Amino acid sequence: MNEKNKKARKYSSKILGELLDEVTPAEQLKTNTKMTLAARLGDLISAKGWGKSEFADKINKNPSEITKWLSGTHNFTIDTLAEIAMVLKMPVVELFVPAQVQVVNKVQVVVTVNEVEPSIKYDTPRVLFSSSHYSFYNKESVVHGYPLITSRHLS
Amino acid sequence: VNYEIVELEKYSGIQTTIYSVIMDQEDSTLFDEFLNKYKTDYRTELKSILSRLKEINHTTGAREQFFKHDEGKPGDGVCALYDEPDSKLRLYCIRYGKVAILLGSGGPKPPGIRAWQDDPTLAKEMEKMIEISKDITKRLQSGDIRWSKDGTQLLGNLTFSDNE
């Protein structure tokens, strides 16, 4: 591999492993719940087209409080979740539902054909695209099996 | 300062690549230094930081909302991971979108100080991160290093030295 394509050297940390091993499954689940809830809340606020301050106004809080909520460290009470759900106009339970899959395909296909026999029908192979549906920036949003171009006929 | 950017093997999730740096003449990373220095007095806080980094790495990605920005110079990406409400242990890092972060060191934020400039330990660690960020930006601009096509990996010469 040449220098230009060289990846960073992998480094294994003893102390990191030691401390991570001390995190119990229950502690990890609590962190996961707080962070995914904060991420979901951030997405829902953005989906409404609101900024942090606008949301703070609507829920009668300081923007600094919203920053805390979105930081992934906040331990929400049921009362706060109910207030949030009211403002977002959705059931509380939906705050815990993973975001809808949103696929952003950025695959560009360029087909250059110089001479084409008119009787030939071209189909884009399904398998080519089913493996290409891969969103690098948001890997949870991956849906397989939907070709970008279903079929194409060149004449 | 001479140093090398390395990828932390313990965090090999799919959402975010997690890097740190090994300074010249050292065997361990800046992040290891941070963990070793505070493992006795701030063990619970460190475990919380590590479990949050695990979620960033595996589940959520390095979302902007999880980091306190504008800690360094404008636009340098230097930020701090938000503390747990009852913790004051600051971890400084450089965030590159949702897909990559470089962990540095940090320290406890003493009560009564307003900014990192007011505490010598925090100031020292923050200035280190600002310098590293500057070096990386310079190399990205010169093309000596670049991001992989999927934007998650730094590629190229990741060893930095004073006499460049």
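Residues numbered from 1 in each chain as written. Chains lettered and ligands numbered in written order. Predicted model: local features only at pLDDT ≥ 70, side-chain atom pairs only at ≥ 80, totals over all residues. Heavy atoms only, no water.

Section: the overall build of chain B
To be explicit about the condition: Put simply, DSSP marks the helices as runs of H or I at least four residues long and the strands as runs of E at least two long, and each gets a number from the N terminus on. All radius of gyration figures rest on C-alpha atoms, and the globule criterion is 2.2 Å times the number of residues raised to 0.38. The buried label applies to any residue whose accessible area, calculated with a 1.4 Å probe on protein chains only, is under 20% of its type's maximum; exposed applies above 50%, and partly exposed to all values in between. We call two residues in contact when some of their heavy atoms are within 4.5 Å. Each accessible area is a Shrake-Rupley result for a 1.4 Å probe, and residues are judged covered by the shown protein chains and nothing else. We count Lys and Arg on the positive side and Asp and Glu on the negative side, and we leave His and both chain ends out. Each charge is placed at NZ for Lys, CZ for Arg, CG for Asp and CD for Glu.
Counting secondary structure elements, chain B contains 3 helices and 9 strands. Tracing chain B from N to C terminus, the helices and strands come up as β-β-α-α-β-β-β-β-α-β-β-β. The C-alpha radius of gyration of chain B comes to 15 Å, within 12% of the 15 Å expected for a compact globule of 164 residues. Overall, chain B is about 45 × 35 × 30 Å in size when its C-alpha atoms are taken along their principal axes. The proportion of buried residues among the 164 residues of chain B is 57%. Considering only intrachain contacts with a sequence separation of at least 6, the fraction spanning at least 24 residues in chain B is 51%. By element, 46% of the accessible surface of chain B is carried by carbon and sulfur atoms, the whole surface being about 7,200 Å². Averaging the locations of the 23 positively and 28 negatively charged side chains of chain B gives two centres separated by 5 Å.

A look at the interface of chain A and chain B
Selection criterion: Values labelled buried area give the accessible surface lost by two parts on being combined, using a 1.4 Å probe and summing over both. Salt bridge, as used here, is a side-chain nitrogen of Lys or Arg placed within 4 Å of a carboxyl oxygen of Asp or Glu. As used in this structure description, the phrase polar contact means that two N or O atoms lie within 3.5 Å; if the pair is within protein, one of them must be able to donate a hydrogen and the other to accept it, and residues adjacent in sequence are counted only when both atoms belong to side chains. Residues are grouped as follows: nonpolar covers Ala, Val, Leu, Ile, Met, Phe, Trp, Tyr, Cys and Pro; charged covers Asp, Glu, Lys and Arg; every other residue, Gly included, is treated as polar. Should DSSP find at least two bridges between two strands, the strands are regarded as paired.
Of the residues lining the interface, 40 residues belong to chain A; the matching set on chain B comes to 51 residues. Interface area for chain A against chain B, summed over the two sides, is near 4,100 Å², with a carbon-plus-sulfur share of 56%. Taken together, the connections running from chain A to chain B amount to 6 salt bridges. Across the pair B:K47 and A:E22 runs a salt bridge, and its minimum N-O distance is 4.0 Å. The tally of links from chain A across to chain B stands at 19 residue pairs in polar contact (both at pLDDT 80 or more). Looking at the side of chain A that touches chain B, the elements with two or more residues in it are β1 (9–11), α1 (14–22), α2 (25–47) and α4 (63–70) of chain A. No other element matches α2(A), which puts 11 residues into the side of chain A that touches chain B. Partitioned by chemical class, the residues of the side of chain A that touches chain B number 13 nonpolar, 14 polar and 13 charged. The pairing of β1(A) with strand β1 (residues 3–8) of chain B spans 3 bridges and is parallel. Bridged to A:K10 within β1(B) is B:E7.

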